[in-house]
Amino acid sequence: MEAAAASLSGSNIFHRNYRFSRSIIRSRYIASGSRYFSNSDLNTQNHSVFKGPNLSNVQIQKRNLRLQTNCALGVCTFPENVMGSHHSHVVEEKLGVLLLNLGGPETLNDVQPFLYNLFADPDIIRLPRLLRFLQRPLAKLISVLRAPKSKEGYAAIGGGSPLRKITDEQADALRMALEAKNVRANVYVGMRYWFPFTEEAIEQIKRDRITKLVVLPLYPQFSISTTGSSIRVLQRIFKGDAYLSRLPVSVILSWYQRQGYINSMADLIEKELGKFAKPEEVMIFFSAHGVPVSYVEEAGDPYKDQMEECIYLIMQELKARGIGNDHTLAYQSRVGPVQWLKPYTDEVLVEIGQKGVKSLLAVPISFVSEHIETLEEIDMEYKHLALESGIKNWGRVPALGCNSLFISDLADAVVEALPLAKALSASTENDEEAEYDPLRYLVKMFFGSILAFLLLLTPRVVLAFRNSLF
Ligand SMILES: C=CC1=C(C)c2cc3[nH]c(cc4nc(cc5[nH]c(cc1n2)c(C)c5CCC(=O)O)C(CCC(=O)O)=C4C)c(C)c3C=C
Ligand SMILES: [Fe+2]
């Protein structure tokens, strides 16, 4: 988020279907094709100067357009809450930082309702508009079917997700890092699918009479399914709320390109490489959480591009330190019968094992806390698969968690976002979401359940789900 919010005009850089249109976000994504980053727009060190290998001018131009999504939102105001700054305001400024995260079940009994919340999210299962009435019945069905497999995973890591505890620790660490930079702030945690829900965090923010808010999703790269989904929730909550719609807010959409984050990832990799007998022979294996291909190709999700750039930047940093190992990127954790981003982690592990790679360092890249997909999927399933496929020496980079360089960099990101805070003044024009009507909801649920049930009896669907869900 080292970018400033330059001109906030025009259409959306997410092409075609995916639009944050009815939202706070729409008008603030920068889209003017002719506008390239100027030095005053961005910290050019990490953005306009960056050139990936073998990119044509058109690609670079496209890439720069995409990079503009990294800009924080809003303009003006000043860091009144920076301790020691002088101002003549009568109302005392109270800064809030809202950390957004996914959330995870804390007990095995939470698993099915957690999965229901996840699959009921239209940014996770993206149904065509005409079929949206099926969302909740489908979510119910899929969550019930998926729960046994998920429960096994959570049982294997101690009976629940560690995400809440880790995120709370990160919130605390961030508050202290801000304080060390003379910025006093309340730091809140808002989860998308489990407690403490984003709605609860916002309620607390209102009770605390926060006067300026920085929203910081704990996902380094932007995806429709993660940051995008959480921002939609914020839009819904802010809309129509007199206090919230006037609250100056700055949203940090992605921060994978920040030097502090890149350096702390490089530090972790360098340290883990040092544990191998022959560090230079180790393949660095980045494993990112996948998303369905349609997100990227049809909905314009910048996730894949940002992931590739992120890895490029980390490898550049390692190269600058004299570390020139081979590396590769693959995508893990696919769910359901659709195509996900390739290559798939499990397939690549087998392939490189068979090709004779003997030492491998797994680097989880899309998330900054330990969770089921690092502790169970990578540490157990993928490690087993890799060793079976001929890899002899296995290592895994820990998630960043409360790494002090990393947290300090997040604190810098917050400070940089402060002057960009702007009231979101939610617009209701063209609102797609129908007002809540209980009768309409019941009718939808009834017919939706019947349809979902019939759909599930279709032999093709039965087969697809059996292979991919359980
Ligand atoms: C950047 C990170 C993530 C992306 C992108 C993402 C997309 C995505 N996820 C699912 C389905 C599931 N995800 C689940 C757990 C889960 N997902 C992420 C991160 C991203 N998801 C994390 C960190 C976690 C773990 C949370 C925890 O409890 O520790 C699960 C539940 C676990 C399981 O059953 O495997 C599901 C299901 C989809 C469909 C999707 C994109 C469309
Ligand atoms: Fe996920």
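Since the model is a prediction, treat every value here as computed from it, not as a measurement. (Residues numbered from 1 in each chain as written. Chains lettered and ligands numbered in written order. Predicted model: local features only at pLDDT ≥ 70, side-chain atom pairs only at ≥ 80, totals over all residues. Heavy atoms only, no water.)

1. Some details on the site of ligand 1
The immediate surroundings of ligand 1 are formed by 29 residues, with Arg146, Ser150, Tyr154, Ser161 and His289 found nearest. Within the side chain of Arg146, one N or O atom sits 2.7 Å away from an oxygen atom of ligand 1. Here Tyr154 contributes a side-chain N or O atom positioned 2.4 Å from an oxygen atom of ligand 1. Burial of ligand 1 by the surrounding chains reaches 96%, relative to a free accessible area of 800 Å². (Near = heavy atom within 4 Å. Polar contact = N/O pair within 3.5 Å; in protein donor to acceptor, adjacent residues only side chain to side chain. Areas by Shrake-Rupley, 256 points an atom, 1.4 Å probe, with all protein chains shown as cover.)

2. Overview of the sheet that holds strand E6 (residues 327-332)
For sheets, the rule is that strands pair by backbone hydrogen bonds, running either parallel or antiparallel. Strand order in this open sheet of four strands is E6-E5-E7-E8, and the pairing throughout is parallel. The sheet is open, and its two borders are formed by E6 and strand E8 (393-396), each paired with just one other strand. Each strand of the sheet is rotated relative to its neighbour by a mean of 25 degrees, with strand direction disregarded. The strands touched by helix H8 (residues 259-273) within the sheet are strand E5 (283-289), strand E7 (359-364) and E8, with E7 carrying the most contacts at an inclination of about 155 degrees. (Pairing = 2+ DSSP bridges. Helix = DSSP H or I, 4+ residues; strand = E, 2+ residues; numbered from the N terminus. Axes fitted to C-alpha atoms, helices over the stretch in contact; angles between N-to-C directions. Contact = heavy atoms within 4.5 Å.)

3. Re helix H6 (residues 224-238)
Most of H6 sits out of view: 13 of its 15 residues are buried. Just downstream of H6, Gly240 is the residue with a positive phi angle, here 80 degrees. (Buried < 20%, exposed > 50% of the residue type's maximum accessible area, 1.4 Å probe, protein only.)

4. Observations regarding the packing of aromatic side chains
Evaluated as defined, the whole model comprises eight aromatic pairs. Among the aromatic residues, those joined into a cluster by ring pairs are Trp194, Phe195 and Phe197. Sitting over the face of the ring of Tyr295, Arg126 holds its NZ or CZ atom 5.3 Å from the ring centroid. Just above the ring of Tyr243 sits the side chain of Arg209; from NZ or CZ to the centre is 4.4 Å. (Phe/Tyr/Trp six-rings, centres within 6.5 Å; stacked < 30°, edge-to-face > 60°. Lys NZ or Arg CZ within 6 Å of the ring centre and 35° of its normal.)

5. Considerations on empty space enclosed by the protein
Summed over the entire model, instances satisfying the criterion amount to three cavities of 30 Å³ or more. In this structure, the largest cavity is lined by Ser287, His289, Gln332, Pro364, Ser366, Phe367, His371, Glu373, Thr374 and Ile378. Mapped onto the lining of the largest cavity, the elements with two or more residues apiece are E5 and helix H12 (372-388). Counting residues per element, the lining of the largest cavity draws most heavily on H12, which supplies three residues. (1 Å grid on protein atoms, 1.4 Å probe; cavity = no way out; pocket = protein on both sides within 12 Å on 5 of 7 lines; lining within 4 Å. Points joined across faces, edges and corners; volume = space filled by probe spheres on them.)

6. Looking at helix H11 (residues 345-355)
Within the span of H11, buried status applies to Thr345, Val348, Leu349, Ile352 and Gly353. Here the buried residues of H11 occupy an arc of 130 degrees about the axis, which is enough to place them on one side. Exposed residues lying more than 90 degrees from the buried face of H11 are Gln354 and Lys355. Following H11 by one or two positions, Gly356 has its phi on the positive side, about 105 degrees. (Arc of directions from axis to C-beta.)

7. Here's the deal with the pairing of strand E1 (residues 95-101)
With seven of seven residues buried, E1 lies mostly within the body of the structure. Side chains Leu95, Val97, Leu99 and Asn101 project from E1 onto one buried face, and the interleaved Gly96, Leu98 and Leu100 project onto a second face that is buried too. Two elements, E1 and strand E2 (residues 185-191), share seven bridges in a ladder whose sense is parallel. The residue bridging Gly96 from the neighbouring strand is Asn186, located in E2.

8. With respect to the nonpolar core
Leu174, Tyr261, Ile269, Phe286, Ile314 and Ile365 are the most contacted members of the largest nonpolar core, which totals 64 residues. Top element by residues in this core is helix H10 (residues 303-320). It accounts for nine residues. The residues touching Tyr261, leaving out its near neighbours within four places in the chain, are Pro220, Gln221, Trp255, Tyr256, Cys310, Ile365, Val368, Leu400, Phe406 and Asp409. Counting residues in each nonpolar core, the second largest holds 22 residues, with Tyr188, Phe222, Leu247 and Leu424 among its members. (Core = buried A, V, L, I, M, F, W, Y, C linked by side-chain atoms within 4.5 Å.)

9. Some thoughts on the environment of Val363
As for its position among the elements, Val363 is in strand E7. Accessibility expressed as a relative area gives 0% for Val363, which makes it buried. Separated by 56 residues in the primary sequence, Val363 and Met307 place their C-alpha atoms 13 Å from one another. When sequence neighbours within four positions are dropped, the list of residues in contact with Val363 reads Met265, Ile269, Ile284, Phe285, Phe286, Ser287 and Val397.

10. Concerning the confidence of the model for the protein
As a note on interpretation, predicted positions should not be read in detail where pLDDT is low. Taken residue by residue, the protein gives an average pLDDT of 81. The fraction at 70 or more is 71%. Counting contacts from residues 1-89, a segment whose pLDDT is below 50, to residues more than four positions away or on other chains yields 215 contacts. At the level of chain-chain contacts, confidence expressed as ipTM amounts to 0.94, with global pTM at 0.79. (pLDDT = per-residue confidence, 0-100.)

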